[in-house]
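Spelled out, the chains give:
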Amino acid sequence: MFADRVLSGVRPTGSLHLGHYHGVLKNWIKLQQQYECLFFVADWHALTTHYDTPEIIERNVWDMVIDWLAAGVDPAQAILFIQSKVPAHAELYLLLSMMTPLGWLERVPTYKDQQEKLSEKDLSTYGFLGYPLLQSADILIYRANRVPVGEDQAPHLEFTREIARRFNHIYGKEPGFEEKAEAAIKKLGSKKSKLYAELRTLYQEQGDEDALEKARSLLNEQQNLSLGDRERLFGYLEGGGKMILTEPETLLTEASRMPGLDGQKMSKSYNNTISLREDPESIRKKVRTMPTDPARIRRSDPGDPGKCPVWQFHLVYSDDTTRDWVQKGCKSAGIGCLDCKTPIIEKILEEQAPMIERIKQYEEDPTLVRNIIADGCEKANKLAEETMRDIREAMGLNYS
Ligand code: TRP
Ligand code: SF4
C-alpha cells in the first residue's frame, strides 16, 4: 500500500566491520537513491540480549551512526533515527501484543536457536520472546513494504506478515464496509472507478495477479483519496475489510561476498573481523597472518586459490589483471603468499582512508551527528504518528 518504503535496523551490540560494509551498508547506499528509506539503530532490540550490559549499547549507538555516515549513508536521502527516540514503536508493540498468540512467538525458529547459541546468557525473558513482535512494530508502524535483511531474518518477516494479516482481519471490519467502499470507488471519477471495478473483478474471479498489481498502482496514484477510503479500497480489492497495516516484503540482502579472515562468515563471534575503524598496522598484521592454502607449506609448493580465503578477498578487491597474476603465481609457486596479500592490504587501506577521514570530522564535532539524528527522529515520529492514529482508531482508543 502507498508508495514503496524501505526500512531496516541494526542492533548496536558491537562495532561495524568490513562484512557489514560490503553486505549491509553498500546495499543501503544503493537503496537510498531508489526509495524512501528509513534506517535506525535498534537499541531496544539490543537490550533484549544485552540487558545486563547497557554500557555496550550506549557506546555503540553513536559510533554506529558515525560509521553509517562515513560509509556513505546520506541523511539528505534517508531518514536516520534511534528506535528508543520514537516511543510509538513501544506503543504499537504493546497494542499488537494483545492479539499475538503466544504460540506464534514460541514457534519463531530464532527463539530457540538463539537461546541455545547464546547459552551463557539467560534469555528466558519476556522481552526476548517478544523480539520478533517488536521488530514487527518497527516495520508496520511505517507501513514499510520493503525490508532489506539477511536470510537469518526471514522468519521475522514472515511473522510480521502474519501479524499484519491478523490485525487487518480483526480490526479492518467496520459496519457498512461494502457501502463505504462502493462510495469510495465513485470518488475516483467515472473512468477510474470503472477501471478499478474491472480490475477487481478480474482479480477476484480469475485470480489475475496482474490486475491486482494494476489496481494497486491505480490507487497509489490517487492523490486526493482520504486515508480511510484508501484503506477501504485496498482492502476491498482483495475481498476483506480495510487494510490498515501493510504486509512487508523481504528484500534479501545478498550474503556479503566478503568472508572473514579465516574464510568463514565475517562475524564478531568468530573473531575473524576487520573493523571499519581498524588501525592500519593491525590491518596489515591481520591480513599477513591470514591462513592460506594449507598445501603451500614452503614457498616453493604450488597452491590452489580455490582453497584459500585470501582469494575470496581478491574477488572483492582486485581487478582481472591482479586476479590473473594470483592464479598463475599461486599455481606455479611463482609468487609467495605475502606477495599475494600485499595488493589486498593496499586496497583495504585505500577503501578505509576516506571513511576514517569522515569519522574524524564527525568525532571532532559531535553536534553534527546529534543534529542529524534529532532531525531523523522528528521525521520518524511524524510518520509513525500517521499510522498510530489509524491503529488507535481501529482498536477503539480514539478518545478526544
Ligand atoms: N532483528 C534485526 C537483526 O538482528 C534488527 C532489526 C530490528 C530490524 N528491527 C528491525 C531489521 C526492523 C529490519 C527491520 O538484524
Ligand atoms: Fe592463497 Fe595467494 Fe598464497 Fe595462493 S598465493 S595460497 S591464493 S595467499
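Starting afresh in each chain, residues are numbered from 1 along the sequence in its written order. For naming, the first written chain is A and the first written ligand is 1, with later ones following in the order written. Thresholds applied to this predicted model are a pLDDT of at least 70 for local features of residues and 80 or more for the giving and counting of side-chain atom pairs; totals over whole chains, interfaces and linings are not thresholded and use all residues. Note: side-chain values were computed over all heavy atoms of the structure, leaving out hydrogens and water.

A. Just the site of ligand 2, in detail. Thr292, Asp293, Arg296, Pro305, Cys308, Val310, Val326, Cys330, Cys337 and Cys340 make up every residue found near ligand 2. Under the DSSP-based scheme used, a helix requires at least four consecutive residues in state H or I and a strand at least two consecutive residues in state E, with every element numbered from the N terminus. Mapped by element, the contributors of at least two residues to the shell around ligand 2 are helix 16 (320-331) and helix 17 (337-364). Under the grouping applied here, Gly and all other residues not named as nonpolar or charged are polar, the nonpolar ones being Ala, Val, Leu, Ile, Met, Phe, Trp, Tyr, Cys and Pro and the charged ones Asp, Glu, Lys and Arg. Its residues placed into classes, the shell around ligand 2 shows seven nonpolar, one polar and two charged. When at least one non-hydrogen atom of a residue lies within 4 Å of a molecule or strand, that residue is treated as near it.

B. Region of interest: the packing of aromatic side chains. Stacked, edge-to-face and tilted are the three classes for Phe, Tyr and Trp ring pairs, Trp counted by its six-membered ring, which pair at centre distances within 6.5 Å; planes under 30 degrees apart are stacked, over 60 edge-to-face, the rest tilted. Under the definition given, this model contains eight aromatic pairs. When the centroid spacing of 4.9 Å and the interplanar angle of 80° are considered together, the rings of Trp28 and Trp68 count as edge-to-face. Placement of Trp28 in helix 1 (residues 18-34) and of Trp68 in helix 3 (residues 54-71) is noted, with a sequence separation of 40 residues between them. Think of it in three bands: residues with accessible area under 20% of the maximum for their type are buried, residues over 50% are exposed, and the middle band is partly exposed, with areas taken using a 1.4 Å probe on protein chains only. By relative accessible area, which is 1% here, Trp28 ends up buried. Ring geometry for Phe128 and Tyr131: centres 6.2 Å apart, planes at 65°, overall edge-to-face. Among the residues examined, Tyr131 registers a relative accessible area of 11% and is labelled buried.

C. Representation of the domain arrangement of the protein in the model. Domain annotation for the protein reports domain 1 (5-172 + 248-256 + 366-394), domain 2 (177-237) and domain 3 (278-364). Domain start and stop points were drawn from an automatic or database domain assignment. If you average the C-alpha positions of domain 1 and of domain 3, the two centres end up 34 Å apart. Taken together, the contact pairs 13 residues of domain 1 with eleven residues of domain 3. Buried area: the sum, over both parts, of the accessible surface (1.4 Å probe) that disappears when the two are put together. Summed over both partners, the interface of domain 1 with domain 3 comes to about 1000 Å²; 68% of that surface belongs to carbon and sulfur atoms. In terms of surface lost to domain 3, no three residues of domain 1 exceed Leu18, Ile66 and Ala70, which account for 41% of the buried area on that side. In terms of residue count, helix 3 provides more of the side of domain 1 that touches domain 3 than any other element does, six residues in total. For the side of domain 1 that touches domain 3, a count of residues per class yields ten nonpolar, one polar and two charged. Contacts between residues were defined by any pair of non-hydrogen atoms, one from each residue, lying within 4.5 Å.

D. Highlighting the site of ligand 1. Close to ligand 1 lie 14 residues, the nearest being His45, Tyr131, Gln135, Asp138 and Gln153. Polar contacts, as counted here, are pairs of nitrogen or oxygen atoms within 3.5 Å of one another; within protein the pair requires one atom able to donate a hydrogen and one able to accept it, and residues that are adjacent in sequence qualify only if both atoms are side-chain atoms. Here Tyr131 contributes a side-chain N or O atom positioned 2.7 Å from a nitrogen atom of ligand 1. Between ligand 1 and Asp138 there is a distance of 2.7 Å, counted from a nitrogen atom to a side-chain nitrogen or oxygen. Expressed as a share of its isolated accessible area of 360 Å², the protein-covered part of ligand 1 is 89%. Where the shell around ligand 1 is concerned, the elements lending two or more residues are strand 1 (5-10), helix 8 (131-140) and strand 4 (146-149). Of all the elements, helix 8 adds the most residues to the shell around ligand 1, at four residues. By residue class, the composition of the shell around ligand 1 is seven nonpolar, five polar and two charged. Residue-level accessible areas treat just the shown protein chains as cover; the underlying method is Shrake-Rupley with a 1.4 Å probe.

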